[in-house]
2 protein chains.
Amino acid sequence: MSTTVNRQFRLAARPVGLPKRNDWNLVEEPLREPGDGEFLVRIEYISLDPAMRGWMNEGKSYVPPVGIGEVMRAYAGGEVVASRHPKFAVGEHVAGTFGVQEYARSNGKGITRVDTKLAALPVYLGALGMPGMTAYFGLLDVGAAQSGDTVVVSGAAGAVGSIVGQIAKIKGCRAVGIAGGAEKCRWLVDELGFDVAIDYKGEDVKAALKRHCPQGINVYFDNVGGDILDAALTQLAMHARIVVCGAISQYNTTAPVKGPSNYLALLVCRARMQGMVVFDYAARYADAAHEVAGWIAQGKLKTREDIVDGFETFPDALLKLFSGENTGKLVLQVT
Amino acid sequence: MSTTVNRQFRLAARPVGLPKRNDWNLVEEPLREPGDGEFLVRIEYISLDPAMRGWMNEGKSYVPPVGIGEVMRAYAGGEVVASRHPKFAVGEHVAGTFGVQEYARSNGKGITRVDTKLAALPVYLGALGMPGMTAYFGLLDVGAAQSGDTVVVSGAAGAVGSIVGQIAKIKGCRAVGIAGGAEKCRWLVDELGFDVAIDYKGEDVKAALKRHCPQGINVYFDNVGGDILDAALTQLAMHARIVVCGAISQYNTTAPVKGPSNYLALLVCRARMQGMVVFDYAARYADAAHEVAGWIAQGKLKTREDIVDGFETFPDALLKLFSGENTGKLVLQVT
C-alpha cells in the first residue's frame, strides 16, 4: 500500500430536495490494515444509483437510512490489496457494498468475486450487478413476462431499464421503452433492439402508449412513478402486472409523493402492482448473472457504462441520475 | 298477472358528483308477456350497491356504462310469474341482473335459482349474492388470506366488508374493521366477532392501525380508497396483499381521483395491490355460496340486510350508501 490515507464521503445532512455538495463531508482518515479474517479493497469504481437518494432519508424503508456521519452507502468494485482472510487473496477483484470511499475493509460477507477476464469491472456494477439482477428478477419473477407480452419500461435508457427491454426481447416479448430525449430513444431502438421508444420530453406518453400498444400493456416496469405511471395505468391489458421498482421522479420532491390517480385501472383490468427489492433474490444472483453473461457473450444483450472520472466529483456525478444526463449505467471511476 | 304496467327507473343523465333524483326518469311501460324461451319475474328486492355509481359514468370500465334512456342496471331477486322457458317454472324464485324495475323478462342466462326455504330472498342479494362472493374470492383468492394473518377491511359495516371480516375469523385470521361511527363499530365487534373496529370518524386511522396491528397488515381489503387506503399503506407487513375491491370515497368526487401517495410502501414491503371484479369467479359461485350458506346455518356467519321500502324511493335509497347510513346489505323492497 503506497498510501496511508483513505478519502470518504460521509453524510453530513439529510437533503431537502436534490442533494447538495454540503450534504456530505469529504473526509480523510488514516488507512487501517485489515484485521484477522478481513481484507482491504482499493476501490476502482463506485456505482451511482437512484436508490442512494432514498438511503439518505430518515424513516423506515427496506434498509436503514445512512446515519449522519457515516460513510455514504454505495455498491462498488475494486482490487484486494491486503488480506488476512483465508478466501480472498491479494490481486483478486471483488464487488460489494463498500461505500463512497477509496478503500474499504471487509470480512467477505455479501461480497461477490469478479472475473475481469469475463467482463470489465464496471459491467459487474451494471448488467452483472444490482441493476442487471433488478431487471432480471423484476421482469421475469415479479412481472412474470411471457413470450408475446407487450412490456413497457420507463427510465428505459437507465441501468435497469436498458436491461429490462433487452431481456424482454430475448424472451420473445415486444419491448417499448420510455426515455427522455431523441438521442436516448435512438439508442434504445437502433442499438439495443427495442421495438419502440417513446420520448417523454417530446410526445404525449399516454397517446404514444395507446398507439404503440394496441393490445394493451401486459407488463409495465416502473422506474419513475409520477405522470408516466399514471399514463401507463390507462393502457393496461387485462391481468397486467406493474413492477414497482422505483419512482425517480418523486425522490427529490419536497411536495407529497404523487400517488397514481388512475390506480382503479387495477380493478377494471384485474391487474396487480407489486413492489420489489432486489436483495430478496440474492440466493439466485449467481445463476442469473451466469445467464446474463451468456447473453452478453452471444451479443444478445449490450451493456453501456457512463463513466465519470474523479472520486471528488461524487456529489455532482450523482445528480446526473436525476437530471437524466446519463445513458446506461452511471459509474464513478475512483482512480 | 294482475297488473299491465311495469315501472322502471331509466338513466336520464350522467351524474356530476352525487346522483340526483332527476338523473333518472321514472317511466311506466306496458308489461309484455314473455316470448318463447323467456320468463317474466316480478321483482321483490333490488340490490343497491356502490358499483352502481360507476355504471352511470361514461368511459371504459369492467362493464359498459348504462346508456342514457336505458333501465338502470341492478342485481335483484323476485318470483317467476309467467314462463315460456323449459327450466324456469311459475312460483320459483330467482336472482339476476334484472335492473331497477318492477318486472323483468329473462332468457335465463346468468340467472341464479333461489331456495327461499334455505334463506330469505334478500340474503341472496347479500351474503349469498354478489357481495358475499366478492368478499369470499377477494379475501381468499386475491388476498390469499392465511390462518394467523391480520386482515384489515374498510367499509367494514357494509355488505362486502361485514362478510370479509367474518370469513377472516372463520379462517383463523385476526379481523380489524374500519367503519364510520360508534354504533357500526360496536356491531362489528359485539355481533360479528371482529377483533377490533376502528371508527374513522372518531379516531386517527393510521395511529389506530399502528396500535391494533403491531405485526403489520397482511391483507388489506379496500372498499373505500382515499385517505384510508393511504393510512393502511403505512402499516403493511412484508409481502402484504391489498385487494382493490372499490373506492367509494372517490366515486362521487368531481376532483381527480386521489391516488395513494404512500404506494411506494409496496416496494418497501414487497407487497402487491391487485384489483378484482367478482364476475370473473362466476364458475365458482355455486360452491362458494354453498360454503357460505353452511357457515350461516352453523351460526358462524351473520347476515344483516338494511331494507328500504318503496320502489319509487330508489334515488334517495341509493344515496344511503354514500352517506354511510346503511349497516349491512342495502336492499330496496319493491312491493
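Here the structure is a predicted model, which is why all the values come from computation and not from measurement.

Student: Explain the overall build of chain A here, please?
Tutor: Along the backbone of chain A there are 9 helices and 15 strands. Rg of the C-alpha trace for chain A: 20 Å, near the compact-globule value of 20 Å for 335 residues, within the 12% margin. Projected onto its principal axes, the C-alpha positions of chain A cover 60 × 45 × 35 Å. Of all 335 residues assigned to chain A, the portion counted as buried reaches 51%. Partitioning the intrachain contacts of chain A with sequence separation of at least 6 by distance along the chain shows that 66% fall at a separation of at least 24.

Student: Mind showing me how you'd approach the pairing of strand 3 (residues 39–47) of chain A here?
Tutor: All names here are of chain A. Judged by how many residues are buried, strand 3 sits mostly within the fold: 7 of 9 residues are covered. As paired strands, strand 3 and strand 4 (residues 76–83) are joined by 7 bridges and run antiparallel to one another. Bridge pairing in strand 4 places Phe-39 opposite Ser-83. Here strand 3 runs beside strand 6 (residues 103–106); their pairing, made up of 4 bridges, is antiparallel. If you follow Phe-39 over to strand 6, its bridge partner there is Ser-106.

Student: Mind showing me how you'd approach the interface of chain B and chain A here?
Tutor: The figure often quoted for interface size is the accessible area lost as the parts come together. Residue-level contacts link 25 residues of chain B with 25 residues of chain A. Of all elements in the fold, only helix 7 (265–268) and strand 13 (272–275) of chain B reach the threshold of two or more residues within the side of chain B that touches chain A. At 4 residues, the largest contribution of residues to the side of chain B that touches chain A is made by strand 13 of chain B. The residue inventory of the side of chain B that touches chain A, partitioned by class, reads 16 nonpolar, 5 polar and 4 charged. Here strand 13 (residues 272–275) of chain A runs beside strand 13 of chain B; their pairing, made up of 3 bridges, is antiparallel. Note that in strand 13 of chain B the partner of A:Met273 across the bridge is B:Met273.

Student: Got a minute to help me understand the environment of B:Leu332 in this structure?
Tutor: All names here are of chain B. If you trace the backbone, Leu-332 turns up in strand 15 (residues 329–333). Residue Leu-332 is classed as buried on the basis of its C-beta count, with 25 C-beta atoms lying within 10 Å. For the pair Leu-332 and Arg-113, spaced 219 residues apart in the sequence, the C-alpha separation amounts to 20 Å. Setting aside residues up to four positions removed in sequence, Leu-332 forms contacts with Tyr-45, Ile-46, Leu-48, Val-308, Phe-311, Phe-314 and Ala-317.

Student: What should I look at first to understand the relation of the copies chain B and chain A in this one?
Tutor: The second copy of the chain is related to the first by a rotation about an axis and a shift along the axis. For the pair chain B and chain A, the best superposition has an RMSD of 0.0 Å and corresponds to a rotation of 180 degrees with a translation of 0.0 Å parallel to the axis. Here the copies are linked by what is in effect a two-fold axis. For chain B, the minimum C-alpha distance to the rotation axis belongs to B:Gly259 and amounts to 2.1 Å. Of all interface residues in chain B, 100% are interface residues in chain A too; the two copies therefore contact each other through one and the same surface.

Student: Is there a simple way to explain the nonpolar core in this structure?
Tutor: Note that soluble globular proteins tend to have their nonpolar side chains buried in a common cluster. If you look at the biggest cluster of nonpolar residues, it comprises 220 residues, and the most contacted ones within it are A:Val151 and B:Val151. Setting aside anything within four residues of it in sequence, one finds A:Val151 in contact with A:Leu139, A:Ala145, A:Ala168, A:Cys173, A:Arg174, A:Ala175, A:Val176, A:Asn218, A:Val219 and A:Phe221.

Student: Can you help me understand the sheet that holds strand 12 (residues 236–244) of chain B in this one?
Tutor: Note on sheets: strands pair through backbone hydrogen bonds, and any given pair is parallel or antiparallel. Reading across the sheet, the 12 strands line up as 10(A)-9(A)-8(A)-11(A)-12(A)-13(A)-13(B)-12(B)-11(B)-8(B)-9(B)-10(B) and stay open at both edges, with mixed pairing between neighbours. Edge positions in the sheet fall to strand 10 (196–199) of chain A together with strand 10 (196–199) of chain B, since each of these pairs with one other strand and no more. Each strand axis lies, on average, 15 degrees off the axis of its neighbour in the sheet, ignoring direction. Along the sheet, helix 5 (residues 205–212) of chain A makes contact with strand 8 (150–154), strand 9 (174–179), strand 10 and strand 11 (217–222) of chain A, crossing strand 10 of chain A at roughly 165 degrees.

Student: Got a minute to help me understand the domain arrangement of chain A in this structure?
Tutor: All names here are of chain A. Here chain A is partitioned into domain 1 (5–126 + 303–333) and domain 2 (130–279). On a C-alpha basis, the centres of domain 1 and domain 2 stand 28 Å from each other. Taken together, the contacts link 17 residues of domain 1 with 15 residues of domain 2. Where the side of domain 1 that touches domain 2 is concerned, the elements lending two or more residues are helix 1 (51–55) and strand 15 (329–333). For the side of domain 1 that touches domain 2, the element with the highest residue contribution is helix 1, accounting for 3 residues.

Student: I tried to follow the pairing of strand 5 (residues 93–96) of chain B on my own but got confused; where do I start?
Tutor: As a general feature of sheets, a regular strand has side chains that alternate between the two faces. Pairing geometry for strand 4 (residues 76–83) of chain B and strand 5 of chain B, over 4 bridges, is antiparallel. When the bridges of strand 5 of chain B are listed, B:Gly77 appears paired with B:Ala95.

Student: Could you clarify how one ought to interpret the environment of B:Gln8 in this entry?
Tutor: All names here are of chain B. Of note, Gln-8 is situated in strand 1 (residues 5–11). Taking the C-alpha atoms as reference points, Gln-8 and Leu-26, 18 residues apart in sequence, are found 5.6 Å from one another. The residues contacting Gln-8, other than those within four sequence positions of it, are Val-27, Glu-29, Val-71, Val-100 and Gln-101.

Student: Is there a simple way to explain the packing of helix 2 (residues 130–142) of chain B against helix 8 (residues 285–297) of chain B in this structure?
Tutor: All names here are of chain B. As a packed pair, helix 2 and helix 8 sit with axes 10 Å apart at the nearest point and diverge in direction by 95 degrees. The angle between the axes of helix 2 and helix 8 places the two elements in the roughly perpendicular class. Residues Gly-132, Met-133, Tyr-136 and Phe-137 of helix 2 lie in contact with helix 8, whose contacting residues are Tyr-285, Ala-288 and Val-292. Its residues assigned to classes, the contact of helix 2 with helix 8 shows 6 nonpolar, 1 polar and no charged.

Student: It is not clear to me how helix 4 (residues 182–191) of chain A should be interpreted in this structure. Could you clarify?
Tutor: Along an α-helix, residues three or four positions apart point the same way, because every turn accommodates 3.6 residues. Residues and elements named next belong to chain A. Looking at helix 4, one finds that the buried residues are Lys-184, Cys-185, Trp-187 and Leu-188. The arc that holds every buried residue of helix 4, seen down its axis, measures 155 degrees, which confines them to one face. Exposed side chains of helix 4 directed beyond 90 degrees from the buried face belong to Ala-182, Glu-183, Asp-190 and Glu-191. Just downstream of helix 4, Gly-193 is the residue with a positive phi angle, here 85 degrees.

Student: I keep staring at the packing of helix 2 (residues 130–142) of chain A against helix 3 (residues 159–170) of chain A and nothing clicks. Help me out?
Tutor: To characterise two packed helices, one gives the angle between the axes of the helices and the distance between these axes. Residue and element names in this part refer to chain A. Interhelical geometry of helix 2 versus helix 3 gives an angle of 45 degrees and a closest axis separation of 8 Å. Between helix 2 and helix 3, the interaxial angle falls into the category oblique. Between helix 2 and helix 3 lies a crossing of right-handed hand. Judged by residue contacts, Pro-131, Gly-132, Thr-134, Ala-135, Tyr-136, Gly-138 and Leu-139 of helix 2 engage Ala-159, Val-160, Ile-163, Val-164, Ile-167 and Ala-168 from helix 3. Grouping the constituent residues of the contact of helix 2 with helix 3 by class yields 10 nonpolar, 3 polar and no charged.

Student: Looking at this structure, I do not really get the confidence of the model for chain A. What am I missing?
Tutor: A low pLDDT score tells you not to read the predicted coordinates there in detail. Residues of chain A with pLDDT of at least 70 account for 99%, and the chain-wide mean is 96. Listed scores for the predicted complex are pTM 0.95 and ipTM 0.95.

Student: Would you take a moment to explain unusual backbone geometry for this structure?
Tutor: Negative phi is the rule for most residues except glycine; trans is the rule for most peptide bonds. Residues and elements named next belong to chain A. The phi angle at His-239 is positive, at roughly 60 degrees, despite the residue not being glycine. Its location among the elements puts His-239 in strand 12 (residues 236–244). Note on His-239: 15 C-beta atoms within 10 Å, which makes it partly exposed.

Scoring rules and cut-offs
- Just so you know, the residues in each chain are numbered from 1, in the order the chain's sequence is written.
- Chain letters and ligand numbers both follow the written order, the letters beginning at A and the numbers at 1.
- Totals for whole chains, interfaces and linings use all residues, but because this is a predicted model, local features are given only for residues with pLDDT of at least 70 and pairs of side-chain atoms are given and counted only at 80 or more.
- Helix and strand definitions follow DSSP, with helices as H or I runs of at least four residues and strands as E runs of at least two, each counted in order from the N terminus.
- Note on method: radius of gyration uses C-alpha positions; expected globular size equals 2.2 Å times residues raised to 0.38.
- Comment: burial labels come from other C-beta atoms within 10 Å of the residue's own C-beta, placed from the backbone, where a count of 20 or more is buried, 12 or fewer is exposed, and between is partly exposed.
- The contact criterion used is a C-beta to C-beta distance within 7 Å, with each C-beta placed from the backbone.
- When DSSP locates at least two bridges between a pair of strands, those strands are taken to pair.
- Note on residue classes: Ala, Val, Leu, Ile, Met, Phe, Trp, Tyr, Cys and Pro are nonpolar, Asp, Glu, Lys and Arg are charged, and everything else, Gly too, is polar.
- Only residues with pLDDT of at least 70 in both copies contribute their C-alpha atoms to the least-squares superposition of the copies.
- Joined through C-beta atoms within 7 Å, a set of buried Ala, Val, Leu, Ile, Met, Phe, Trp, Tyr and Cys residues constitutes a nonpolar core.
- Structural elements are reduced to axes, namely lines fitted to C-alpha atoms, with helices fitted over the stretch in contact, and the angle between N-to-C directions of any two is expressed from 0 to 180 degrees.
- All domain edges in this entry derive from an automatic or database-based domain assignment.
- Any angle that falls under 35 degrees is termed roughly parallel, while one over 145 is termed roughly antiparallel, one within 65 to 115 roughly perpendicular, and all others oblique.
- To obtain the arc, one takes the directions from the helix axis to the C-beta atoms.
- Note on convention: near helix rotated counterclockwise from far helix by under a right angle means a left-handed crossing. Clockwise means right-handed.
- For every residue, the predictor states its confidence as a pLDDT score lying anywhere from 0 to 100.

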